[in-house]
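# Structural overview
Chain by chain, the residues:
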Amino acid sequence: MNLSVPSIDDLSARVDAVRASHDETFPGPAEGRQPVHTVYVPADRFTAGTAAEFGAEALRLLNAHAPGAGTFGSVFGLDPALAGTVHERVAAKLASEPVEDVRIDFEDGYGVRPDAEEDGHVGQVVEAVAAAYQSRTLPHYWGLRVKSFADGGHERSMRTLDAFLTALRDRLGRLPGGFTITFPKVVMADHVAIFVDYLERLEGALGLPAGILRFEVQIETTEAIVDEQGRVGLRGIASAGRGRLTAAHFGVFDYTAACGLPPEQQRLDHPACDFARNIMQVTLAGTGIRLSDGSTNLVPRGDSADEVHRTWTTHAAHVRHSLANGFYQGWDLHPSHLPSRYAAVYAFHLAGADEALARVRAWQDQAAPNDGGVLDEPATIKTLTARLQRAVDCGALPPTALPQQTL
């Protein structure tokens, strides 16, 4: 060596500083279970039994319009070898945990109403949440969607959140786990910064632990993708969240309308949506901020098999498109979306499970190449392991299916 170790100490210190700065911004993927969907329910329609009612109606539709593996496999385009298993597990899921995440909506699904009316619905929602929590029927993840700060609804938004949390604290004495706030129609990073300041003040006023109020943003404006200065808007939005931002959800209809697409082209699998989702992926990869896709607005116009199958076919295709592009969560708006959501998700995981398990085990056994003729990299093994864990989390696979080292 021509340079002694002390002579490069300053360079080593700079490398360490760069790494520390990087790790602060990109701490890695979020830990823990990610729900496969978020079900949005208007606040005035939410009750303690909403999740169970969604599940019962979804199961009724499944039994009425795809009662056996043959019909089920045909409707959802499944490999006949998988259809029976997927059908059985979807039916079990609808009976046991039909809704993994629910968002009680005070925004677009609820509309603008007089203050007295919205205040009254806040009180009803508090009672419904308290009853669901006490009866253990509150979904694993749950929360509120408040109004946007971008269109004049900010004071109503803050009033609703304050009233809800104050009344729930007084009713239960605590904030049940899994609570998330949805902050919609983000246009400027400054709106996010103001919202974070508000959450800090609200925690102090309510005596809540600092940082307990966390939120997700909805990416449904073009300015959130490319900001007023021509930069990727999501970078500023993520920074403005100051560690409270847990997820970014794509809003397909507001976004496609903002892009000028005609109504018949405002769909989840349009190339304009792929562009926005790709920006979301690249910008937020490694930040610990999860991604969720948007919704399908098609619902059955009646109870005929043709209508239900039409909805299922379209919705399942959209879910598969999301999954293939690395978006493992999406929005569901109607009970008819639950069978197609779980059918598509379970088929996706089960179709690749054996190969994923073989590749992970081959890596663990240091066999090269594996039986599929693939020499995997560590990053791919992490992705395969994460996929298997997602399958277990949602009920597509039993926990025993995981290789021991991935538990």
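The structure under discussion appears in the preceding block.
Counting restarts for each chain, with residues numbered from 1 along the sequence as it is written. A pLDDT threshold of at least 70 governs which residues receive local features in this predicted model, and a stricter bar of 80 or more applies before side-chain atom pairs are shown or counted, although totals over entire chains, interfaces and linings include all residues. Each side-chain value is derived from all of the structure's non-hydrogen atoms; neither hydrogens nor water enter the calculation.

## Remarks on the overall build of the protein
So the rule is basically this: A helix here means a DSSP run of H or I that spans at least four residues, while a strand means a run of E at least two residues long, and both kinds are numbered starting from the N terminus. With C-alpha atoms as the basis for the radius of gyration, the globule rule is written as 2.2 Å multiplied by the number of residues raised to the power 0.38. For every residue, the accessible area (1.4 Å probe, protein chains only) is compared with the maximum for its type, and the residue is labelled buried under 20%, exposed over 50%, or partly exposed between those bounds.
Along its length, the protein carries 14 helices and 8 strands. Here the protein has a C-alpha radius of gyration of 23 Å; the compact-globule value for 407 residues is 22 Å, and the two agree. Taking the principal axes of the C-alpha coordinates as reference, the protein spans close to 80 × 55 × 45 Å. Buried positions account for 48% of the 407 residues belonging to the protein.

## Looking at unusual backbone geometry
Despite not being glycine, Arg136 shows a phi value in the positive range, around 60°. Positive phi, normally seen in glycine, also occurs at Lys185, with a value near 45°. Within the fold, Lys185 resides in the loop between strand S4 (179-183) and helix H7 (189-206). Owing to a relative accessible area of 13%, Lys185 belongs among the buried residues under this scheme.

## Observations regarding the side chain of Glu118
Counting through the fold element by element, Glu118 comes out in helix H5 (residues 115-134). The exposure class of Glu118 is buried, given its relative accessible area of 1%.

## Some points on helix H4 (residues 80-96)
Put simply, the test is: What a helix should span is 1.5 Å times the count of its residues minus one. Whether two residues are in contact is decided by their heavy atoms: any pair within 4.5 Å suffices. Here a polar contact is recorded for every N or O atom pair within 3.5 Å, except that within protein the pair must consist of a potential hydrogen donor and a potential acceptor, and residues adjacent in sequence are included only if both atoms are side-chain atoms.
Compared with an ideal rise of 1.5 Å per residue, which puts 17 residues at 24 Å, H4 spans 25 Å between its outermost C-alpha atoms and is within 8% of the ideal. Residues of H4 that are buried include every one of Leu82, Ala83, Val86, His87, Val90, Lys93 and Leu94, and no others. Elements that come into contact with the buried residues of H4 comprise helix H2 (50-65), helix H3 (69-76), helix H13 (337-364) and helix H14 (378-394). Where H4 begins, the side chain of Asp79 points an oxygen toward the backbone nitrogen of Ala81, at a separation of 2.9 Å.

## A few points about the nonpolar core
Applicable threshold: Residues grouped as a nonpolar core are buried Ala, Val, Leu, Ile, Met, Phe, Trp, Tyr and Cys residues, joined through side-chain atoms within 4.5 Å.
If you look at the biggest cluster of nonpolar residues, it comprises 105 residues, and the most contacted ones within it are Leu161, Phe164, Phe179, Phe215 and Val217. In terms of residue count, the dominant contributor to this core is H13 (12 residues). Filtering out sequence-adjacent residues up to four positions away, Phe164 remains in contact with Val122, Val125, Val126, Val129, Trp142, Leu144 and Phe179.

## Details of the packing of aromatic side chains
What counts is decided by this rule: Planes of paired rings set the category: under 30 degrees apart is stacked, over 60 is edge-to-face and the rest tilted, where pairs are Phe, Tyr or Trp rings (Trp by its six-membered ring) whose centres lie within 6.5 Å. Only when the NZ of Lys or the CZ of Arg is both within 6 Å of the ring centre and within 35 degrees of the ring normal is a charge said to sit over the ring.
Considering all chains together, one arrives at 15 aromatic pairs under this definition. Seen in terms of ring centroids, Phe76 and Trp312 are 5.4 Å apart; in terms of plane orientation they differ by 35°. Their pairing is tilted. Pair noted here: Phe76 is in helix H3 and Trp312 is in helix H12 (residues 305-324), with a separation of 236 residues, a long-range link. Accessibility expressed as a relative area gives 3% for Phe76, which makes it buried. Here the aromatic cluster, defined as three or more aromatic residues joined through ring pairs, consists of Phe149, Phe183, Phe195 and Phe215. Above the plane of the ring of Tyr110 lies Arg113, whose end atom (NZ or CZ) is 4.0 Å from the centre. Between the NZ or CZ atom of Arg387 and the centre of the ring of Phe348, over which it lies, the distance is 4.1 Å.

## Here we look at the environment of Leu284
Tracing the backbone through its elements, the reader meets Leu284 in helix H11 (residues 271-284). Judged by its relative accessible area of 3%, Leu284 is buried. Sequence-wise, Leu284 and Gly28 are 256 residues apart; in three dimensions their C-alpha atoms are separated by 10.0 Å. Not counting residues up to four positions away in its chain, the partners in contact with Leu284 are Leu234, Ala238, Ala248, Ile289 and Leu291.

## Some remarks on H2
Basically, it comes down to this: The directions from the helix axis to the C-beta atoms are what the arc is built from.
Given a rise of 1.5 Å per residue, 16 residues ought to cover 22 Å, and the 22 Å separating the end C-alpha atoms of H2 matches this to within 8%. If you check which residues of H2 are buried, you get Thr50, Ala51, Phe54, Gly55, Ala58, Leu61, Leu62 and His65. Taken down its axis, H2 places every buried residue within 135° of arc, on the same side. The inward-facing, buried residues of H2 abut strand S1 (37-42), H3, H4, H12 and H13.

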